[in-house]
Each structure stands twice: as C-alpha cells, then as structure tokens.
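Structural features, examined
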Amino acid sequence: MAGSTTFVIVGGGLAGAKAVEALRDNDFDGQIILVSEEELLPYERPPLSKEYLAGKKSLNDFTVHNSDWYRDSHVDLRLNLRAISLDPAAHCVGLADDTTVHYDKLLLATGSGSRRPPIPGSDAAGVHYLRTYDDAHALNSVLAEGSSLAVVGGGWIGLEVAAGARQRGVEVTVVETAKQPLLAALGETVGEVFADLHRDHGVDLRLQAQVAEITTSDGKATGLRMGDGSTVSADAVLVAVGAKPNIELAEQAGLALGSGSDAGGVLVDTSLRTSDSDIYAVGDIAAAQHPLFDTRIRTEHWANALKQPAVAVAGMLGRPGEYAELPYFFTDQYDLGMEYAGHAPSFDRVVFRGDVAKREFVAFWLDGDNRVLAGMNVNIWDVLDDVKGLIQSRTPVDAERLADPQSPLGELVN
Ligand SMILES: Cc1cc2nc3c(=O)[nH]c(=O)nc-3n(C[C@H](O)[C@H](O)[C@H](O)COP(=O)(O)OP(=O)(O)OC[C@H]3O[C@@H](n4cnc5c(N)ncnc54)[C@H](O)[C@@H]3O)c2cc1C
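Calculation notes
Residues numbered from 1 in each chain as written. Predicted model: local features only at pLDDT ≥ 70, side-chain atom pairs only at ≥ 80, totals over all residues. Heavy atoms only, no water. UniProt positions renumbered as here; feature names shortened; annotations may be inferred. Near = heavy atom within 4 Å. Polar contact = N/O pair within 3.5 Å; in protein donor to acceptor, adjacent residues only side chain to side chain. Areas by Shrake-Rupley, 256 points an atom, 1.4 Å probe, with all protein chains shown as cover. Helix = DSSP H or I, 4+ residues; strand = E, 2+ residues; numbered from the N terminus. Nonpolar A, V, L, I, M, F, W, Y, C, P; charged D, E, K, R; others polar. Pairing = 2+ DSSP bridges. Axes fitted to C-alpha atoms, helices over the stretch in contact; angles between N-to-C directions. Contact = heavy atoms within 4.5 Å. Phe/Tyr/Trp six-rings, centres within 6.5 Å; stacked < 30°, edge-to-face > 60°. Buried < 20%, exposed > 50% of the residue type's maximum accessible area, 1.4 Å probe, protein only. Lys NZ or Arg CZ within 6 Å of the ring centre and 35° of its normal. Arc of directions from axis to C-beta. Salt bridge = Lys/Arg side-chain N within 4 Å of Asp/Glu carboxyl O.

Identification of the chain as Rhodocoxin reductase from Mycobacterium simulans is taken from an unreviewed UniProt entry. According to its UniProt record, the chain has this under Cofactor (unreviewed entry): "FAD".

Below, the structure written as structure tokens:
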C-alpha cells in the first residue's frame, strides 16, 4: 500500500481502536481517518456495568489508548462527529459537519445502541439506559445506599447492574417477560441458576411480567406499573432490553444485510468483507460467516471487537484472513464469574459437570448427536481451552464422562 492510500474507520469503540492498531502493526503507512460519534477516545464497555459501578475502575483504566498513542500513530481522529452517508460507488463517507472523506478501503465498526421500547413514561427523568460512559456516569450517581432501582429486562446488562446495585445497598427489582432471566442466551435450566443467584442476593425478581408503564410524578420516574396492575416503586429505572446494531450507513449504502438469525447485521464473509469488496465490517454489527458452524453469526461480544479487526485489516491490506474464533463471552455478578464459548441457538440438552448448587460447574450444550455446541465454566477456571477443543472437534462425546469431573475434558475427544 502506498503512503497516499486512505483507510477510513467509522466507529470509535474497541473495534475501531483495534483496527487502527492492526493497521499500524502491519506497517500500513497510508492515512487513517477514525470517525466516531462519541466525544471520548475509544474505550471498552464491559466495565461500565461491572467495575465502574463497583468503584473499582475509572474511565482511564478502560480507555483503549491515550491521545498520545493516536498522535504517535498518525491517526486523523474525528471525534464527536457522526458519519451520515456512505456512497460506495464514489468511495465517500459524508460527515455531520457537511464534510466528506474519501476512502480506498472502509471499515464499519459502528457497534450497537440500546433498544428503547415504546413504554409509556420512558422519556421521564430518572429513566436510564446503559451503553456509553455518560450513561454509566448518570446511573452511577443515582445508586445511593438505601435507594431503589427497577430494572426492566433480565439480560446480561440488567443483571450485572442489579448485582452492582445490590452490592451498594440499593433495593433492586428486576422484571423480565420470559420464564427465566437470560433465557434466549442460556436456556431455561441455566437461566434458573442466574435467577437463584439474584434471589439469594435479595433481588426481587419478577418473571413472566410485563411492564405496562413507567410511572411518573412531576416528570420524574417513580417506578413501574405492571400488566397485572401491580406496581413497583423505585427512585430510578434502568431499561435494559437489549441492543440493536447501528446499520444505518450500511443500509443506506445498499450493502447486504441479514435478517432472522443474523439479527439484522451487516453480512460479511469469513474474511469480514461485506458485499462491497472495499468495505469491511467488524464487531457488534458484523453477521459473519463462521467456518466451523457454517452459518452466519452476529454476537454483541467484546471478544469480537477485540479480535475481528486484525482479520478485517488483513483483508483491507490484500492479505488472506479468516475469522474462525468461537463466540466468547464473560460476565461477573456478585461472586459468580463465568466464561461462555460456542454457539447454541438451539440444542438438545444441557449436561452439567460439577456442583450447580455451589455455582462451581461447567455446563455443556449438546446437539442431538451429542456434539458439544457451547460450554460455560462458572467459577471454575483453566478449562476454557478444553471446552473450546470439545466444540471445535465437532465429534460426539460420551455424555456420562462429560458430566464426570474425574474424566479429564481433554481426553473426551481423540
Ligand atoms: C454496559 C455493557 C456491558 C458489556 N459487558 C460485556 C461483557 O461482559 N462481555 C462481553 O463479551 N461483552 C460485553 N458488552 C458488549 C461489548 O461491549 C460490545 O460487544 C462491544 O462494545 C462492541 O464493540 P464495537 O466496537 O463493535 O461497538 P461499540 O463499542 O458500540 O462502538 C461503536 C462506536 O461507533 C460509534 N458510531 C456508531 N454509529 C456511528 C456513525 N454513524 N458515525 C460515527 N460513529 C458512529 C458509536 O458512537 C460508538 O462509539 C457490554 C456492553 C455494554 C454496553
């Protein structure tokens, strides 16, 4: 690549920052323009619902690189600026300040935003969402000991905030429409483990419950009115009902988009290239063809934002690359830490190994042929590589041995 080449990255989250890093690590000596709507330098989001709320980390700790690094890397940083149009034929991105940037290759890393369901009252003061540092800062300031928080949605972010708030002495109610929290991600049996965890820590967990309205007084949220007429009073409300990928640019540019199981992301091949050969997409928006599972997978996982950019950058530089990592996710809630690897949108059964009641176990999601689709280690460490090996083998396992902690996981597949 000649020094006059311009690569543009739209989106200044972890994926955007990692793309810059990969370009310079690969001796790309052209111009790099990073456009991001947020005012802050790229930072990691997982601590926002965990260590930040627990007072253990501040923004500096999870900012990916400081401003000196971007200066030394000769990055043209355009922060606090939204990309509003994309013309693939002209190789141009239009920006909200009425300027246009030309690209030779473009990387879309626009991430996700919080879903905002049309619940009456959701615009009131005291109603929070959690996606950005500013959101976390606002939430942090209302979680005072003795106050109360109603969380709408029993997904990862809702539960992590519930845990953090309980640890700060906040009364917490979590309402969830499904039968168990995390049902879509983990299924009923493992969802129940998380339900018990939160009940044991004093969360008022209301399952199969619909929110009819966020109640207000003088324009400020006072709690929830449920579909059955019951009420939850709360000083603040967090709406955490999932994220939606920011695909407006891709859509406007006519790039191929997913639907159904692709959950509306930007379709990319195994090299993370979109339907336009000069545009790549990574992170939360990328519905990537997975070489092992032979299907498109789009996940909102930190690990993708961390690792996909290096593969996309290889493609942008004209080198072969393939993203074959297993989906990987982690969470920390109270004294429960877990890692999840694999992909099990549907499965035949779950096999447990270890002590579920003590929350020290590994769960395996199996298909009808006894192949391991996904595994989750809870408060048990150093097994992730073996769990991944079982998934990657695509070979049936003996379920009894899988459940037996005396059978080394590494010996279950030849
Ligand atoms: C509170 C919280 C906790 C999380 N915890 C975990 C966890 O424990 N484990 C885990 O695996 N994952 C977790 N995640 C998910 C993880 O943070 C995301 O998967 C990751 O941030 C995705 O990175 P990204 O770079 O693709 O997108 P993002 O981090 O969303 O960054 C995208 C950036 O692009 C900008 N942007 C969007 N559109 C435009 C535009 N048109 N023009 C310019 N800029 C634009 C956005 O403003 C944003 O700055 C968590 C997420 C949140 C919010």
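A look at the site of the ligand
Taken together, the neighbourhood of the ligand is formed by 35 residues, with Glu-38, Arg-45, Lys-50, Arg-131 and Asp-284 sitting nearest. One of the backbone nitrogen or oxygen atoms of Ala-15 is found 3.0 Å away from an oxygen atom of the ligand. Relative to its free-state accessible area of 1,000 Å², the ligand is covered by the protein chains to the extent of 96%. Sorting the residues of the shell around the ligand by element identifies α1 (14-25), α5 (156-167), α9 (302-316) and β22 (328-333) as the ones contributing at least two each. Across the shell around the ligand, the residue classes break down as 15 nonpolar, 11 polar and 9 charged.

Some words on the sheet that holds strand β20 (residues 286-290)
Either a parallel or an antiparallel arrangement is found when strands of a sheet pair, and the pairing is made through backbone hydrogen bonds. If you walk across this open sheet you meet the 3 strands as β18-β20-β21, and the pairing is mixed. Unpaired on one side and paired on the other, β18 (266-268) and β21 (295-297) mark the two borders of the sheet. Pairs of neighbouring strands in the sheet enclose a mean axial angle of 30°, with direction left out of account. Note that β20 and β21 share 3 bridges and pair antiparallel.

With respect to the environment of Cys-92
As for its position among the elements, Cys-92 is in strand β5 (residues 92-95). The contacts of Cys-92, once residues within four sequence positions are left out, are Ser-85, Leu-86, Asp-87, Thr-100, Val-101, His-102 and Tyr-103.

Let's talk about the packing of aromatic side chains
Counted under the stated rule, the structure contains 11 aromatic pairs. Taken together, a centroid distance of 6.4 Å and an interplanar angle of 85° make the contact between Tyr-52 and Phe-62 edge-to-face. Within this pair, whereas Tyr-52 is found in the loop between β2 (31-35) and α2 (59-62), its partner Phe-62 is found in helix α2, the two being separated by 10 residues in sequence. For the pair shown, Tyr-52 and Phe-62 are each scored as buried. Summarising the aromatic geometry, the rings of Trp-302 and Phe-330 are spaced 5.5 Å apart at their centres and angled 85° between planes, so their arrangement reads as edge-to-face. Here Trp-302 is found in helix α9, whereas its partner Phe-330 is found in strand β22, with 28 residues between them in sequence. Ring-pair connections join several aromatic residues into one group, and the members of that group are Trp-156, Phe-194, Trp-302, Tyr-328, Phe-329 and Phe-330. Across from the ring centre of Tyr-129, 3.9 Å away, lies the NZ or CZ of Arg-116, which sits over that ring.

Some points on helix α10 (residues 384-393)
Taken residue by residue, α10 has Leu-384, Val-387, Lys-388, Leu-390 and Ile-391 as its buried positions. Taken down its axis, α10 places every buried residue within 155° of arc, on the same side. Residues of α10 that are buried sit in contact with β22, β23 (336-342), β25 (360-366), β26 (372-378) and α11 (399-403). Just downstream of α10, Arg-394 is the residue with a positive phi angle, here 50°.

Topic: the UniProt feature "domain: Reductase C-terminal" (unreviewed entry) in the chain
Annotation from UniProt places "domain: Reductase C-terminal" (unreviewed entry) at residues 328-412. For the annotated span residues 328-412, helix accounts for 18% and strand for 40% of the residues, and the straight-line distance between the end C-alpha atoms is 21 Å.

A look at the pattern of salt bridges
In the structure shown here, the tally under the stated rule is 19 salt bridges. Because the salt bridges share partners, they merge into one network encompassing Asp-68, Arg-71 and Asp-72.

Focus on the side chain of Ser-148
Tracing the backbone through its elements, the reader meets Ser-148 in strand β10 (residues 148-152). Using a relative accessible area of 18% as the deciding quantity, one classes Ser-148 as buried. Discounting residues that sit within four places of it in the chain, Ser-148 has contacts with Val-170, Glu-171, Ser-233, Ala-234, Asp-235 and Ala-236.

Details of the sheet that holds β25
One open sheet holds the 5 strands; their spatial order is β22-β23-β26-β25-β24, and the pairing between them is antiparallel. The open sheet is flanked by β22 and β24 (349-355), the only strands paired with a single partner. Each neighbouring strand pair of the sheet contributes to a mean axis angle of 15°, computed without reference to strand direction. By the bridge criterion, 6 bridges tie β22 to β23 in an arrangement that is antiparallel. In the sheet register, Asp-332 faces β23, and the bridge partner there is Gly-337. Of the strands in this sheet, β22 and β23 touch α5, which is tilted by about 25° from β22.

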